[in-house]
Amino acid sequence: MRVYGEFLTALEEAAQALLKVLRALPPGERGEAVQEAFTAHGLGAVRQRLHVVAPADVVLAADAVFRELSRSRDMADGFDALDMAALDEAKDRAGDLRDRLQQLMSEDIGR
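The structure contained in this document is the topic of the report that follows. Note that the structure is a prediction, hence the values are computed from the model and not measured.

Some points on the overall build of the protein chain
Move 1: Per the secondary structure count, the protein chain includes five helices and zero strands.
Move 2: Counting from the amino terminus, the protein chain carries its helices and strands in the arrangement α-α-α-α-α.
Move 3: For the protein chain, the C-alpha radius of gyration of 14 Å lies close to 13 Å, the compact-globule estimate for 111 residues.
Move 4: Seen along its three principal axes, the alpha-carbon backbone of the protein chain occupies a region of about 45 × 25 × 15 Å.

Quick word on the pattern of salt bridges
Move 1: Here the structure, examined in full by the defined rule, presents eight salt bridges.
Move 2: Across the pair Glu6 and Arg49 runs a salt bridge whose closest N-O atoms are separated by 2.6 Å. On the criterion of sequence distance, the pair formed by Glu6 in helix H1 (residues 2-24) and Arg49 in helix H3 (residues 43-53) is long-range, its members being 43 residues apart.
Move 3: In this structure, the salt-bridge partner of Arg93 is Glu89, at a minimum N-O distance of 2.9 Å. Placement of both Arg93 and Glu89 in helix H5 (residues 84-108) is noted, with a separation of four residues, approximately one turn of the helix.

Notes on the side chain of Arg30
Move 1: For Arg30, the location among the structural elements is in the loop between H1 and helix H2 (31-39).
Move 2: Within the local environment of Arg30, its side chain forms a polar contact with the backbone oxygen of Leu22, the two atoms lying 3.2 Å apart.

Points about the side chain of Asp63
Move 1: With respect to the secondary-structure elements, Asp63 resides in helix H4 (residues 56-75).
Move 2: The exposure class assigned to Asp63 is buried, which follows from its relative accessible area of 10%.
Move 3: With sequence-adjacent residues up to four places away left out, Asp63 is seen in contact with Arg47 and His51.

What to know about a nonpolar patch on the surface
Move 1: A grouping of Met1, Val52, Val53 and Ile109 is seen on the molecular surface, where their side chains present a nonpolar patch of about 370 Å² in accessible area.
Move 2: Take Met1: it is sitting in the segment before H1.
Move 3: Judged by its relative accessible area of 45%, Met1 falls in the partly exposed class.

Comments concerning the nonpolar core
Move 1: In terms of nonpolar packing, the biggest core is built from 31 residues, with Phe7, Leu43, Leu50, Val58 and Leu101 touching the most fellow members.
Move 2: Elements that contribute at least two residues to this core include exactly H1, H2, H3, H4 and H5.
Move 3: In terms of residue count, H1 provides more of this core than any other element does, eleven residues in total.
Move 4: The contacts of Phe7, once residues within four sequence positions are left out, are Leu43, Val46, Arg47, Leu50, Ala62, Val65, Leu101 and Met105.

Structural notes on the packing of H1 against H3
Move 1: Following both chains from N to C, one finds H1 and H3 inclined at 150 degrees, their axes separated by 9 Å at the closest point. The orientation of H1 relative to H3 falls into the category roughly antiparallel. Where H1 crosses over H3, the two elements pack in a sense that is left-handed. When H1 is examined against H3, the residues Val3, Tyr4, Glu6, Phe7, Ala10, Leu11 and Ala14 are found in contact with a partner set consisting of Leu43, Val46, Arg47, Arg49, Leu50 and Val53.
Move 2: Taken together, the residues of the contact of H1 with H3 break down into ten nonpolar, no polar and three charged.

Rules used in this analysis
Residues numbered from 1 in each chain as written. Predicted model: local features only at pLDDT ≥ 70, side-chain atom pairs only at ≥ 80, totals over all residues. Heavy atoms only, no water. Helix = DSSP H or I, 4+ residues; strand = E, 2+ residues; numbered from the N terminus. Rg over C-alpha atoms; globule rule 2.2 N^0.38 Å. Salt bridge = Lys/Arg side-chain N within 4 Å of Asp/Glu carboxyl O. Polar contact = N/O pair within 3.5 Å; in protein donor to acceptor, adjacent residues only side chain to side chain. Buried < 20%, exposed > 50% of the residue type's maximum accessible area, 1.4 Å probe, protein only. Contact = heavy atoms within 4.5 Å. Patch = residues over 30% accessible without salt bridge, like charges linked within 9 Å, V, L, I, M, F, W, Y side chains within 5 Å. Areas by Shrake-Rupley, 256 points an atom, 1.4 Å probe, with all protein chains shown as cover. Core = buried A, V, L, I, M, F, W, Y, C linked by side-chain atoms within 4.5 Å. Axes fitted to C-alpha atoms, helices over the stretch in contact; angles between N-to-C directions. Parallel < 35°, antiparallel > 145°, perpendicular 65-115°, else oblique. Left-handed = near helix turned anticlockwise from the far one by under 90°. Nonpolar A, V, L, I, M, F, W, Y, C, P; charged D, E, K, R; others polar.

If you want it as structure tokens, here you go:
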């Protein structure tokens, strides 16, 4: 399904944009840039399209990874980008959720 690829692409682009903000701006100065990074790639809109066409298990998995990225966005303004352990932990949580989503998407399209 095309919307699956769109969602995964928007998810990756938003995550990379958030990381870029974390590395470029000091804590306490990221608020607006973090919001822009999260919304600039249309992730929310693609998520809504996915809700219309995907089966419930895919929707739930997509929502989980979306919420994890949202949580990262909400914490980003005060996050220490040099705290590699915390950054790796956040990336691992999101990555595990994304991997589960990709598995369910693949099963849905019959791969």
